[in-house]
Amino acid sequence: MMKIQISESAYNDLDGGYSFYESQREGLGNYFQESLFSDIDSLKIYAGIHSKHFGKYRLLSKRFPYAIYYTIKFDVIIISAVLDCRKNPAWISNKLK
């Protein structure tokens, strides 16, 4: 079974998304986090099938316009970023370096 490791930067991305959606409507931030963690958990089964962007695998969230960027080292899935797809691609590229 693959293990999932989430970087501090990716946790910060999730917190930022939570804050944004919670400011839109109370409770939406929790739904955002539950949805993204569900997407992340699906990597235990589907890691490695996603296309690569900026040198990392990219899983698109099912419910929000966010992408989960990850790499695989041995039996560990390393989540490096959880980014808003509406951002400028140049910003995303710099964030992933």
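Just so it is clear, the structure is predicted and the values come from calculations on it, not from any experiment.

About the cut-offs
Residues numbered from 1 in each chain as written. Predicted model: local features only at pLDDT ≥ 70, side-chain atom pairs only at ≥ 80, totals over all residues. Heavy atoms only, no water. Helix = DSSP H or I, 4+ residues; strand = E, 2+ residues; numbered from the N terminus. Buried < 20%, exposed > 50% of the residue type's maximum accessible area, 1.4 Å probe, protein only. Expected span 1.5 Å × (residues − 1). Arc of directions from axis to C-beta. Contact = heavy atoms within 4.5 Å. Pairing = 2+ DSSP bridges. Axes fitted to C-alpha atoms, helices over the stretch in contact; angles between N-to-C directions.

Caption draft 1: A look at unusual backbone geometry. Here the phi dihedral of Phe 54 falls at roughly 55 degrees; this positive angle occurs in a residue that is not glycine. Note that Phe 54 resides in the loop between β2 (52-53) and β3 (56-60). At Phe 74, a residue that is not glycine, the phi angle is positive and equals roughly 55 degrees. Residue classification places Phe 74 among the exposed positions, given a relative accessible area of 85%.

Caption draft 2: Geometry of helix α2 (residues 28-41). Look at α2: 20 Å from first C-alpha to last across 14 residues, which is about the 20 Å you get at 1.5 Å a residue. The set of residues buried in α2 consists of Leu 28, Gly 29, Phe 32, Gln 33, Ser 35, Leu 36, Asp 39 and Ile 40. Along the axis of α2, the buried residues cluster in a sector spanning 165 degrees; they form a single face. Where α2 is buried, its residues meet β1 (3-6), α1 (8-24), α3 (43-46), β3, β4 (66-73) and β5 (76-84).

Caption draft 3: Looking closely at the sheet that holds β5. A sheet is described by the order of its strands in space; here 5 strands give the open sequence β1-β5-β4-β3-β2, paired in mixed fashion. Whereas interior strands pair on both sides, the edge strands pair on one side only; in this sheet they are β1 and β2. Pairing geometry for β4 and β5, over 8 bridges, is antiparallel. Bridge pairing links Tyr 69 to Ala 81 in β5. Sheet contacts for α1: β1, β4 and β5; angle to β5, the most-contacted strand, approximately 35 degrees. Here α2 sits on the sheet and contacts β1, β3, β4 and β5; the angle it forms with β4, its principal contact strand, is near 30 degrees.

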